[in-house]
Amino acid sequence: MAEPFLIGDAMTGGYGGADILHSCTIAVDKGEIAVIVGPNGAGKSTAMKAVFGMLKLREGQVRLAGEDITALSPQARVAKGMGFVPQTSNIFPSMSVEENLEMGAFIRADDISETMEQIYELFPILRDKRRQAAGELSGGQRQQVAVGRALMTKPTVLMLDEPTAGVSPIVMDELFDRIIEIARTGISILMVEQNARQALNIADKGYVLVQGENRYTDTGAALLADPDVRKSFLGG
Amino acid sequence: MEPLNALVSVSNFMLVPALAYGSQLALGALGITLIFSILRFAHFAHGDTMAIGTAAVIGGTVFLQARGVSIDPLPTALLAVPFGILVLAAYLLATDRLVYRYYRRVKAKPMIFVMASLGVMFVTNGITRLFMGTGESRFEDGQRFIFTVREFREFTGLAEGLALRTSQALTIIVALIAMVVLFWFLNRTRAGKSMRAYSDNEDLALLSGINPERVVTITWVITAILLVLAGTLYGLDKGFRPFNYFQLLLPMFAAAILGGLGSPLGAIVGAYVVAFAEMGITFAWRRVLSYLAPEGMEPSTMMQLLPVDYKFAVTFAILVIVLLFRPTGIFKGKVI
């Protein structure tokens, strides 16, 4: 099997003190959507943060396009083409939507207007609100700003930590549609989701984590069909 | 003519001086608010930093005067301002390297930063006194008045007169320009926006590739510019004395907190409110009211709420009231 585009391979580590992840492996291929699900405290967000370099790994590796990036800082990984949308405080609230996008592209020295145009096409509502302070927008719109900000560096991988936390079901469906659209442009998506059933529905690949270990790994459809997974994690 | 005389009198003794004083406070309060939003601590060394910057300007002025350089009718000190800014920026950056950078690295609590800045305050104060002594230095030269009370009276024929000092007009104009440039910088330039982003959400700014050390450096340089301008204008207006500059710490903080910490616009509004409150409450209204009161009802007392010596009590009262009833200030800033 060919090496996936981004892989956190057999990651073991935590925030100092006891390990949270135990030889956990997360991978995503080009243009695919990979979803990490699992019960509360399973280490879903931790696994994603480990892939992004926000915690120190004791064992294991993170490789992007075959290159070992385990020792790189999160900022350096952004420069390598990884985009990250944190779960909370993922926007600059007092700055306008447009300024949020500009700040997302801070490391770019070239013309950003084309990328900004693409983001306004993806999220038309942001174009209407581009002069408004991002902190004044609704929850769903703020998430769009957050995703848009991360896309401004033209990343090859986009990592989303619970993008639908606290938004209504309608807005959630809308966000998932946009995420599929982003994946179709060839960007790999890795996300952690609380709404496991809906997320697995759009996932090419699903990871069910329990206590920092891989419990089930399969395609999204196969996990949804698996009676054990359904019974334990999807409520029957 | 009586209301007009009242207006001229109140302008001469209160409104114009308060406008100048408010502008000087505003420049200082802007520095406090910027440091609070970027470095996230209350900069107690602010007043004495202003003093040492002004001392550098006075040094430059004396040097220029000795060489016969003059831009009459404007004060020579204006020419020495760039030199003062350079000295103060170097001083602030050196302090940052020697003191604050260590506490940033160990992620110290804001209170530790405040205490460190208290130490910096004492050292800075000592250095200033070493060079300038504790007495008053006057360095105003050039033409003192744009128009005097007598010229105004002869021109208008009113009983009351209004004088406009060069230093007052200069203060208001320079402060206005500095504010406009600062707002342009914060809202229109990449560096300014990165400062706002860093103030809004530090972690996300890091993720976006904004270099915090660069943001901090820019903040100190802007503070140096604001403080040298504020200190020079205050010194031209009222004379330079290290202790007076230290005392300005209270009204500057009151202004920044009243306006809402972290809000530049708030710092400006707060500064004028503090200045007008200080002057208004300690002003003897007798003369003004005697023009306005009906015949036979003229006040017999000074109509002064508090003696001038108590002007800092006014500021302190404002500070306490704001912290009790609206700790976020007028423009919804952060709470200390």
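The following paragraphs examine the structure supplied in this document. Please read these numbers as outputs of a predicted model, since none were measured by experiment.

**Quick notes on the overall build of chain B**
Here is step 1 of the chain: Counting its regular elements, chain B contains 14 helices and two strands.
Here is step 2 of the chain: The C-alpha atoms of chain B give 21 Å as radius of gyration, which agrees with the globular expectation for 336 residues (20 Å, within 12%).
Here is step 3 of the chain: Viewed in the frame of its principal axes, chain B has a C-alpha envelope of about 70 × 55 × 40 Å.
Here is step 4 of the chain: With 336 residues in all, chain B has 43% of them scored as buried.
Here is step 5 of the chain: Put simply, of all contacts in chain B between residues at least 6 apart along the chain, 75% involve residues at least 24 apart.

**Topic: the sheet that holds strand E1 (residues 6-13) of chain A**
Strand pairing in a sheet relies on backbone hydrogen bonds. The paired strands run either parallel or antiparallel.
Residues and elements named next belong to chain A.
Here is step 1 of the chain: Ordered in space as E2-E1-E4-E5, the four strands form an open sheet in which the pairing is antiparallel. Edge positions in the sheet fall to strand E2 (21-28) and strand E5 (67-68), since each has one partner strand and no second.
Here is step 2 of the chain: Bridge analysis of strand E4 (residues 57-64) against E5 gives two bridges, and the strand direction is antiparallel. Pairing of Leu64 across the sheet is with Glu67, part of E5.

**Some points on the interface of chain B and chain A**
Here is step 1 of the chain: Residue-level contacts link 13 residues of chain B with 16 residues of chain A.
Here is step 2 of the chain: Breaking the side of chain B that touches chain A down by element, the ones donating at least two residues are helix H7 (190-200) and helix H8 (202-207) of chain B.
Here is step 3 of the chain: The leading source of residues in the side of chain B that touches chain A is H7(B), at five residues.
Here is step 4 of the chain: For the side of chain B that touches chain A, the per-class residue count stands at five nonpolar, four polar and four charged.

**Focus on the pairing of strand E7 (residues 157-161) of chain A**
Residues and elements named next belong to chain A.
Here is step 1 of the chain: Extensive coverage of E7 is indicated by the burial of five of its five residues.
Here is step 2 of the chain: Covered by surrounding structure in E7 are Val157, Met159 and Asp161 together with Leu158 and Leu160, the residues of both alternating faces.
Here is step 3 of the chain: One ladder, built from four bridges, connects strand E6 (residues 82-85) with E7; its direction is parallel. Within E7, the residue paired with Val85 across the bridge is Leu160.
Here is step 4 of the chain: Both E7 and strand E8 (residues 188-192) contribute to a ladder of five bridges, which runs parallel.

**Examining the environment of Gln87(A)**
All names here are of chain A.
Here is step 1 of the chain: Relative to the helices and strands, Gln87 resides in the loop between E6 and helix H3 (97-104).
Here is step 2 of the chain: Of the residues examined, Gln87 has 16 C-beta atoms within 10 Å and is grouped as partly exposed.
Here is step 3 of the chain: Residues Gln87 and Pro163 lie 76 residues apart in sequence; the distance between their C-alpha atoms is 6.5 Å.
Here is step 4 of the chain: In this structure Gln87 touches Ser45, Asp161, Glu162 and Ala165, once residues within four positions along its chain are discounted.

**Quick notes on unusual backbone geometry**
All names here are of chain B.
Here is step 1 of the chain: With an omega of 10°, the peptide bond running from Asp72 to Pro73 counts as cis.
Here is step 2 of the chain: Mapped onto the fold, Pro73 is located in the loop between helix H2 (46-66) and helix H3 (77-105).
Here is step 3 of the chain: Even without being a glycine, Arg40 presents a positive backbone phi close to 65°.
Here is step 4 of the chain: Position of Arg40 relative to the elements: it lies in the loop between helix H1 (2-38) and H2.

**Focus on the packing of H2(B) against helix H9 (residues 212-238) of chain B**
All names here are of chain B.
Here is step 1 of the chain: At a minimum axis distance of 8 Å, the contact between H2 and H9 shows a crossing angle of 70°. With respect to each other, H2 and H9 are oriented roughly perpendicular. Note on element contacts: H9 touches H2 through Ala224, Leu227, Val228, Ala230, Gly231, Thr232 and Gly235, opposite Thr49, Met50, Ala51, Gly53, Thr54 and Val57.
Here is step 2 of the chain: Looking at the contact of H2 with H9, its residues break down into seven nonpolar, six polar and no charged.

**Focus on helix H4 (residues 110-132) of chain B**
Residue and element names in this part refer to chain B.
Here is step 1 of the chain: Taking 1.5 Å per residue as the helical rise, H4 with its 23 residues ought to reach 33 Å, and the 32 Å between its terminal C-alpha atoms agrees with that figure.
Here is step 2 of the chain: Residues of H4 that are buried: Phe113, Ser117, Val120, Thr124, Asn125 and Thr128.
Here is step 3 of the chain: As for H4, its buried residues are in contact with H2, H3 and helix H10 (242-247).
Here is step 4 of the chain: Looking one or two residues past H4, Gly133 carries a phi angle of roughly 75°, positive in sign.

**Some words on the environment of Thr88(A)**
Here is step 1 of the chain: Within the secondary structure, Thr88(A) sits in the loop between E6 and H3.
Here is step 2 of the chain: On a C-alpha basis, the gap between Thr88(A) and Pro163(A) in space is 9.3 Å, while along the polypeptide they are 75 residues apart.

**Digging into the sheet that holds strand E10 (residues 213-218) of chain A**
Residues and elements named next belong to chain A.
Here is step 1 of the chain: Taken together, six strands build an open sheet; the order of strands is E6-E7-E8-E3-E9-E10 and the sheet is mixed. On the outer flanks of this sheet lie E6 and E10, each paired with one strand and no other. Within the sheet, the average angular offset between the axes of one strand and its neighbour, ignoring direction, is 15°.
Here is step 2 of the chain: Relative to E6, helix H6 (residues 139-151) is tilted by about 160°, and along the sheet it contacts E6 and E7.

**Observations concerning the environment of Leu122(A)**
All names here are of chain A.
Here is step 1 of the chain: Within the secondary structure, Leu122 is located in helix H4 (residues 113-122).
Here is step 2 of the chain: Sequence separation of Leu122 and Ile179 is 57 residues, and the distance between their C-alpha atoms is 9.7 Å.
Here is step 3 of the chain: Excluding its chain neighbours within four sequence positions, the residues that come into contact with Leu122 are Arg178 and Glu181.

**Quick look at the packing of helix H11 (residues 249-259) of chain B against helix H14 (residues 311-325) of chain B**
Between two packed helices, the angle of one axis relative to the other and the distance separating the axes together describe the packing.
Residue and element names in this part refer to chain B.
Here is step 1 of the chain: The contact between H11 and H14 brings their axes to 9 Å, and the two run at 30°. With respect to H14, the axis of H11 lies roughly parallel. The interaxial crossing formed by H11 with H14 has left-handed handedness. In this structure, H11 uses Leu250, Pro251, Ala254, Ile257 and Leu258 to contact H14, whose residues at the interface are Phe312, Thr315, Phe316, Ile318, Leu319 and Val322.
Here is step 2 of the chain: Looking at the contact of H11 with H14, its residues break down into ten nonpolar, one polar and no charged.

About the thresholds
- Residues numbered from 1 in each chain as written.
- Chains lettered and ligands numbered in written order.
- Predicted model: local features only at pLDDT ≥ 70, side-chain atom pairs only at ≥ 80, totals over all residues.
- Helix = DSSP H or I, 4+ residues; strand = E, 2+ residues; numbered from the N terminus.
- Rg over C-alpha atoms; globule rule 2.2 N^0.38 Å.
- Buried ≥ 20, exposed ≤ 12 C-beta atoms within 10 Å, placed from the backbone.
- Contact = placed C-beta atoms within 7 Å.
- Pairing = 2+ DSSP bridges.
- Nonpolar A, V, L, I, M, F, W, Y, C, P; charged D, E, K, R; others polar.
- Axes fitted to C-alpha atoms, helices over the stretch in contact; angles between N-to-C directions.
- Parallel < 35°, antiparallel > 145°, perpendicular 65-115°, else oblique.
- Expected span 1.5 Å × (residues − 1).
- Left-handed = near helix turned anticlockwise from the far one by under 90°.

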